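# Summary of the model geometry
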Amino acid sequence: MTVYSNTYDIIVVGAGHAGCEAALAAARMGCRVLLLAIDLDKLAAMPCSPSIGGMAKGQLVKEIDALGGEMAKITDQTAIQYRTLNTKKGPAVHSSRTQNDKMRYHIAMKAVIEAQENIDLKQAMVERLVFEDNRVVGVEDQTGFGYPTKAVILATGTFLSGLVHIGFKSIPAGRAGEFASYGLAQNLREAGFQLGRMKTGTPPRLRKSSIDFTKFSEQNSDENPRPFSIFTKKITMPQMPSFIGHTNQRAHAIVRNNLERSALYGGIIKGVSARYCPSFEDKIVKFSDKDRHQIILEPEGIDTEEIYASGLGNSLPLEIQVELVRSIEGLEHAEIMRPAYAIEYDYVNPIQLKPNLETKSIAGLFLAGQINGTSGYEEAAAQGLWAGINAACQLQQRAPFILDRFQAYMGVMIDDLVTRGTREPYRMFTSRAEYRLMLREDNADLRLMEIGYELGLIDDDTLKDLNARKQQIANEITRIKGTVIKPSQTVNDYLERRGAKSIRHGIYLDQLLKRAELDYEMVNALAGSPDPIGSAVARQVEIEIKYEGYIEKQLREIEKFKNLERIKIPPDYDFGSVHGLSNELKEKLSGIKPTSLGQASRIDGITPAAISVLLVSLKASQK
């Protein structure tokens, strides 16, 4: 093997959303990084929907931004539609989503990577990891060329043993038209890793000029969209609509009559699909009582004719796909530019990872993204940032970067993965976060930006602005709580116009603000601040006052959570010697090796009684 003369601190394998965030974080923390991609023209590609955010995913993107990551910034540079979801519900579940120009997204991210100091970007397919004494020391590409390193981050996406299915035609590929990586998957098996098989898919892309959009309902961008990134001052991209329509009984009959020709139902696919994102075949079989299913036509960019047909993902033969698409009103003459397909790929069971995303068996080897069994650009990017930071922290002999479940959605995701593992593609949901009222999109910077600063990913001026904003929020809450509004004709007329009851006695301003029909605009109308209050500060003040009781309740719950997390378990603790635990629980605990009693309590099958037994054993071992 010929070895490259340069030695890198960290090699990142794969330049998707996970790999890009990993490389940028590590490089910005001062490490010398080599980022390897099978195809440099597909860096930060969007092979499925060219969108960012959505339910719970939007929170992940905001957290990446607050910690100094790149995804939110690139999103704002390339977004052609902004929508805020769940606006009729409380702020805990408000989530931002954008439709993006996928080619511009790739170009913008590639430019950032190429301009970043400490990153070398090269095209190569890694076939083998090189180990010495249970530590990774390098990688070897398919030509036999080697690159020495101190740490490796695998962010391989769907490329490990990737297999694309269109009907009964199966094509080895990491994505349609791209090479799959079979050597690296075999190398990981030989190293002792437990690999599983998962399946995902993507719908057809249709030619815009062949669609009759008058048969669909137009969905426009939010009237006053808010940027994803706190660093974005202005949205400059033109905004484009999406179009909503529905399938019909004819389309359903076409699928039912051809199920045996589907790769999914014809027995070709062995990988596990995601329940929450079913293919069109799955919808017809599992929701047979439905007369129709929603489809959304979304533009893939400004300068392309390609339209993403969300809701029509399938693994049928192309001739059946054409028949299916043209059975839908408005798509009678639609041309398929790219067929739908399903893809199977290998993943590594994430219970083989430590909370810092380093593998338990091989030192210096970190995994991020779909290789860990997750689904989605946002989940991948968050893991990439996490792994990149931790690889750098390890080399710099700093404490691991770990966020608890009460600190961030990404903390919830990582804890879920390394504690419970996953048997199906893992997707972030708001329901997974016990403390979601504290983990809102709007306060991601307030929660995490100081941590980003300590890591060296946020600059002094940004931290100074953050602290000034925090102080302004605190001052305004104090002012509102100390302000009494006395009854008057002017006050009561205003309250009645807002649909609120008039007042007969003096009332503190915060009590008025807690009324459902009133918002911060009322504060400005009745007792405005002597100092200018920006919209971001006003929003925080309103939320913290309106939800004060709920927030205090969650803070009490978090204290209980912390009490269990404070009880640490030594890394070499012998769970097999704990009397009172079943052999099954001993085996689970020994395999996962929880770092705290809190993490142990979240392992599937661990009962409160088992935690009590473990607590007694831990205390006894410390005497």
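This text goes with the structure placed above it.
In this report, we go over the structure that sits alongside the text. (Residues numbered from 1 in each chain as written. Predicted model: local features only at pLDDT ≥ 70, side-chain atom pairs only at ≥ 80, totals over all residues. Heavy atoms only, no water.)

## Points about the overall build of the chain
From N to C terminus, the chain includes 20 helices and 23 strands. Along the first, second and third principal axes, the C-alpha set of the chain runs to 80 × 75 × 50 Å. Looking at the chain as a whole, 56% of its 623 residues are labelled buried. Counting only carbon and sulfur atoms, one obtains 49% of the accessible surface of the chain, whose full area is about 26,800 Å². For the chain, the distance from the average position of its 77 positive side-chain charges to the average position of its 77 negative side-chain charges is 4 Å. (Helix = DSSP H or I, 4+ residues; strand = E, 2+ residues; numbered from the N terminus. Buried < 20%, exposed > 50% of the residue type's maximum accessible area, 1.4 Å probe, protein only. Areas by Shrake-Rupley, 256 points an atom, 1.4 Å probe, with all protein chains shown as cover. Lys, Arg positive; Asp, Glu negative; His and termini not counted. Charge placed at Lys NZ, Arg CZ, Asp CG, Glu CD.)

## So, the sheet that holds strand β16 (residues 242-246)
Taken together, the 6 strands give an open sheet; going across it, the order is β15-β16-β17-β18-β14-β19, and neighbouring strands pair in antiparallel fashion. The open sheet has two free edges, formed respectively by β15 (217-219) and β19 (336-338), since each of these has just one partner strand. Taken pair by pair, the neighbouring strands of this sheet meet at an average axis angle of 35 degrees, ignoring direction. Strand direction decides the pairing type here: β15 and β16, joined by 3 bridges, are antiparallel. Residue serine 217 lies in a different strand from β16, and its bridge partner there is isoleucine 244. (Pairing = 2+ DSSP bridges. Axes fitted to C-alpha atoms, helices over the stretch in contact; angles between N-to-C directions.)

## Remarks on a negative patch on the surface
Together, Asp459, Asp460, Asp461 and Asp465 make up a negatively charged patch on the protein surface. Structurally, aspartate 459 is set in the loop between α11 (444-455) and α12 (460-481). Exposure remark for aspartate 459: the relative accessible area of 46% places this residue in the partly exposed category. (Patch = residues over 30% accessible without salt bridge, like charges linked within 9 Å, V, L, I, M, F, W, Y side chains within 5 Å. Salt bridge = Lys/Arg side-chain N within 4 Å of Asp/Glu carboxyl O.)

## With respect to the packing of helix α2 (residues 57-66) against α11
Contact geometry of α2 with α11 gives a least axis separation of 8 Å together with a crossing angle of 35 degrees. The two elements α2 and α11 cross, and the hand of that crossing is right-handed. On the side of α2, the interface is formed by Lys62, Glu63 and Ala66, while α11 contributes Ala444, Asp445, Arg447, Leu448 and Met449. Counted by class, the contact of α2 with α11 contains 4 nonpolar, no polar and 4 charged residues. (Left-handed = near helix turned anticlockwise from the far one by under 90°. Contact = heavy atoms within 4.5 Å. Nonpolar A, V, L, I, M, F, W, Y, C, P; charged D, E, K, R; others polar.)

## Section: the pairing of strand β8 (residues 126-132)
Pairing of β8 with strand β9 (residues 135-141) involves 6 bridges; the strand directions are antiparallel. Across the sheet, leucine 129 pairs through a bridge with valine 139, a residue of β9. Counted along the chain from β8 to the antiparallel partner β9, the turn is 2 residues long, and its residue aspartate 133 has a positive phi close to 50 degrees.

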